[in-house]
Amino acid sequence: MIDRRDALAGMAAMFGASLFAPIARAAAAEVPRISSGPPSSPVFTAQQRALMTALSERVMPTTDTPGAIAAGVPEYIEKLLADWASPDDRKPILAGLDAIEARSRADYKVAAEKATPAQQDALLTFAMENKLPGGADFFDKFRQLVLTGYFTSEVGITQEREYLPVPGRYDGAYLYSEVNKVFSS
C-alpha cells in the first residue's frame, strides 16, 4: 500500500527550508487525515476552483502519463488548504488566482479557466516572473502544491515513477540501462 504521508515527507526533503507551511504540517502529522474524505470546508469559489483545476493541469499536464486532474491534484489542494492551512497560508493562493483572473480578463477578454492552454501558460509565466501582484509568491506555493499532490498520488507514484514497494527486492546485477524512471517507494 502506498503511504501518502511517507511520500509527503520525501517531498518535504525535496523542497527543503522553503516548503509551504501546510505541506510541512501535513507531512509531520501523526494522524493521516490528509488523504481521507472531502475538505472540512470549501476554500475556493466555483470560479477559483475551476481556475485552480485548469492551472494545475498546466503545471503537470497529461502526456504519456496522466496529468494533475487525473491524479486528483485539485481535490488534494483544496483538502490541504482547508484542513492544514491557516487563513494567512491561503491568502497568497487566493490572491494569486484572483490576479491571474483579472489579467486574463484584461488581456484576453475571457475567464482564465476558459483561456487557451497557451494563454494559461502565459498567465502562469507572468506570475512566475512576478508581473502580477503577489505573483512569485503565488507561483512558488501553487507549484509546490501541484507537485506534492501529483507525486504523492497513486498516479504519480506508480505511473510517473517506477514503483518499488518497500522493502522491495535486491538485484545486485540490475543493469543501469534498464532504469527508465526515478524509483519511488
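Look above for the structure.
Just so you know, these numbers come straight off a predicted model, no measurement behind them.

Student: Quick one: what's the story with the overall build of the protein, residue by residue and with numbers?
Tutor: Looking only at helices and strands, one finds eight helices and two strands in the protein. Mapped from its N terminus to its C terminus, the protein presents α and β elements in the order α-α-α-α-α-α-α-α-β-β. In the protein, buried positions account for 42% of the 185 residues. Roughly 9,600 Å² of accessible area belongs to the protein as shown, and the carbon and sulfur atoms make up 57% of that amount.

Student: So what's going on with the pattern of salt bridges? Which residues, and what values?
Tutor: For the structure on display, the rule yields eight salt bridges. Taking the shortest distance from any N to any O, the salt bridge between Lys-91 and Asp-88 comes out at 3.1 Å. Of this pair, Lys-91 and Asp-88 both sit in helix H5 (residues 87-108), three residues apart, which is roughly one turn of that helix. The exposure class assigned to Lys-91 is exposed, which follows from its relative accessible area of 52%. Judged by its relative accessible area of 52%, Asp-88 is exposed.

Student: Give me unusual backbone geometry: which residues, what numbers.
Tutor: In this structure, Lys-109 is a non-glycine residue whose phi angle is positive, near 60°. Tracing the backbone through its elements, the reader meets Lys-109 in the loop between H5 and helix H6 (117-128). When its relative accessible area of 66% is taken as the criterion, Lys-109 is described as exposed. Even without glycine at this site, Asn-130 takes up a positive phi of about 60°. With respect to the helices and strands, the residue Asn-130 is situated in the loop between H6 and helix H7 (135-151).

Reading the values: rules and limits
- Residues numbered from 1 in each chain as written.
- Predicted model: local features only at pLDDT ≥ 70, side-chain atom pairs only at ≥ 80, totals over all residues.
- Heavy atoms only, no water.
- Helix = DSSP H or I, 4+ residues; strand = E, 2+ residues; numbered from the N terminus.
- Buried < 20%, exposed > 50% of the residue type's maximum accessible area, 1.4 Å probe, protein only.
- Areas by Shrake-Rupley, 256 points an atom, 1.4 Å probe, with all protein chains shown as cover.
- Salt bridge = Lys/Arg side-chain N within 4 Å of Asp/Glu carboxyl O.

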